[in-house]
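Chain by chain, the residues:
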Amino acid sequence: MENQRIIKGFSKLSEQEKRQLVSSFLSSPQLTVNHLESFLHPDPSVRHILSNISENTISAYPLPFNVAPNFLINDTMYMVPMVTEESSVVAAASSAARFWAERGGFKASVGSNTKNGQLHFLYKGDHARLKAAEAAMIPFLREYIQPLTQNMEKRGGGILQIELKDFSDTIDHYFQLFVTFNTSDAMGANFINSCLEEIAGAMEQYLAQTPGFAADEFEPLMAILSNYADQCIVHVSVSCGLSELEAIAPGVKADAFARRFALAVQIANEDVYRATTHNKGIMNGVDAVILATGNDFRAIEAGAHAYAAKSGKYRSLSRARVTDDAFRFSLSMPMALGTVGGLTRLHPLAATSLDILGHPDASQLMMVAAAAGLANNFAALRSLTTSGIQAGHMRMHLANILMQFQADDDEARLAREYFSKQKVSHQAVKAFLNRLRENKANS
Ligand code: MEV
């Protein structure tokens, strides 16, 4: 791509002009324009939504929209929508969901739905006087932002607490107003950020009008929610009698499986290299549900990994407990999700996902996403500690390679048979298909 010059005013071009400009840097501009256009949705209203969600849109980027059936969560059966590009994730979630549905399903709960945000500021006046004023200042701030919070209060949410925190011993003059929110069934990012910015204005006014203070002693730095939603925690677990794990894999005894599984979790709890991959396996399931329902998976990722390190060391998000006769596997993690607002209803497929889930509230969606995380974690550890992960992955890999070479049904069947005993590689599959096709041509 020979795009070495600075492009000015790109965002002001029409979508069509943007496609043309980007394509003009490539070897086949018209083919590229056609290709990009072929992915545009035929319905103009959907195209309008997609190009308005983001900026500088030149096409739409499809990902598979999948479902994993048989998620029994608190005695309710869910069909779980999952958007992911990783081939084995949905198969793994489905197989673990079915396995646990036959053993009582997932038990889940949500501690609280509380979110938080911070107004970071410098205060160059008398620190002790500011702290002494907290009790009078907080009600003033609450009153000031009442016009912003009243609608959320009608929906059962609003501001729960505003706390003044003094960090001036770490950074000169640095304070925070640490604000906790209930955003009801919304993720609430816009609400939280708007409140925090308004609180900065309220603070300035309070200092300007209160004797002994001056507004210019106050320097607001940042008003932003925190993705470390450490009070918005979802818990999910599965459990069964040890004997119910019998024959979980060919030739593997229940007690040996449980012991090896628990060891795998213990290792992820102790070793950061393993913990990172282990938790990635959890996020395979969680993110796929979050994407499918139009929530912000980067926010949940960031919060999850911070939570995994809450002890000062990065650890497994899941826990396993094995006794003489019982097996329990559980996951607790922050999960600030919404089922109203944002993309959840705007994106046509996010809305469909919520329909498929039976219109869950935010807490129910948190439990579903966490169950998908635990299911994927269970499936990964089950494979890793028994047959190994590659057998399943290679089956998917084979399917992808066959698709790439446009294998027909017969060729795919013969290839699956042949590669059930042979190592799958791109080269080997290509050679196998060439042989089949030559034989067919010569016969
Ligand atoms: C692959 O996407 C996820 C795994 O690596 C997770 C794990 O190792 O636990 C299989």
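Residues numbered from 1 in each chain as written. Predicted model: local features only at pLDDT ≥ 70, side-chain atom pairs only at ≥ 80, totals over all residues. Heavy atoms only, no water.

Chemist: How do you make sense of the packing of helix α10 (residues 272-292) against helix α11 (residues 297-308) when you look at a structure like this?
Modeler: Axis angle and axis distance: for two packed helices, these are the angle between their axes and the distance between the axes, and together they describe the pair. Close contact between α10 and α11 brings their axes to 10 Å; oriented N to C, the two are set at 150°. Relative to α11, the element α10 lies roughly antiparallel. In the packing of α10 onto α11, the handedness of the crossing is right-handed. Contacts from N279, M283, V286, D287, I290 and L291 of α10 reach α11 at F297, I300, E301, A304, H305 and A308. Taken together, the residues that form the contact of α10 with α11 break down as 8 nonpolar, 2 polar and 2 charged. (Axes fitted to C-alpha atoms, helices over the stretch in contact; angles between N-to-C directions. Helix = DSSP H or I, 4+ residues; strand = E, 2+ residues; numbered from the N terminus. Parallel < 35°, antiparallel > 145°, perpendicular 65-115°, else oblique. Left-handed = near helix turned anticlockwise from the far one by under 90°. Contact = heavy atoms within 4.5 Å. Nonpolar A, V, L, I, M, F, W, Y, C, P; charged D, E, K, R; others polar.)

Chemist: Mind showing me how you'd approach the sheet that holds strand β3 (residues 107-110) here?
Modeler: Pairing between sheet strands relies on hydrogen bonds along the backbone, with the strands arranged either parallel or antiparallel. If you trace the 4 strands from one edge of the open sheet to the other, you get β3-β8-β10-β9, paired in antiparallel fashion. On the outer flanks of this sheet lie β3 and β9 (318-322), each paired with one strand and no other. Adjacent strand axes in the sheet meet at a mean angle of 15°, parallel and antiparallel pairs treated alike. Bridge analysis of β3 against strand β8 (residues 233-241) gives 4 bridges, and the strand direction is antiparallel. (Pairing = 2+ DSSP bridges.)

Chemist: Any chance you could explain the site of the ligand here in plain terms?
Modeler: With respect to spatial proximity, the complete set of residues near the ligand consists of E86, R274, T277, H278, K280, G281, N284, A380, L384 and I389. Note that an oxygen atom of the ligand is positioned 2.9 Å from one of the side-chain N or O atoms of N284. Counting only elements with at least two residues in the shell around the ligand, the list comes to α10 and α14 (362-384). (Near = heavy atom within 4 Å. Polar contact = N/O pair within 3.5 Å; in protein donor to acceptor, adjacent residues only side chain to side chain.)

Chemist: When you look at the packing of aromatic side chains in this model, what are you seeing that I'm missing?
Modeler: We describe a pair of aromatic rings using the distance from one ring centre to the other and the angle between the two ring planes. Applying the stated criterion across every chain, the model contains 25 aromatic pairs. Ring plane angle 75° and centroid distance 5.3 Å describe the contact between W100 and F378, whose orientation is recorded as edge-to-face. Placement of the pair is W100 in helix α4 (residues 87-101) and F378 in helix α14, with a sequence separation of 278 residues. Across this residue pair, the class does not change: W100 and F378 are buried. One aromatic cluster is present, formed by F121, Y123, F140, Y144, F175, Y206, F213 and F218 through successive ring pairs. (Phe/Tyr/Trp six-rings, centres within 6.5 Å; stacked < 30°, edge-to-face > 60°. Buried < 20%, exposed > 50% of the residue type's maximum accessible area, 1.4 Å probe, protein only.)

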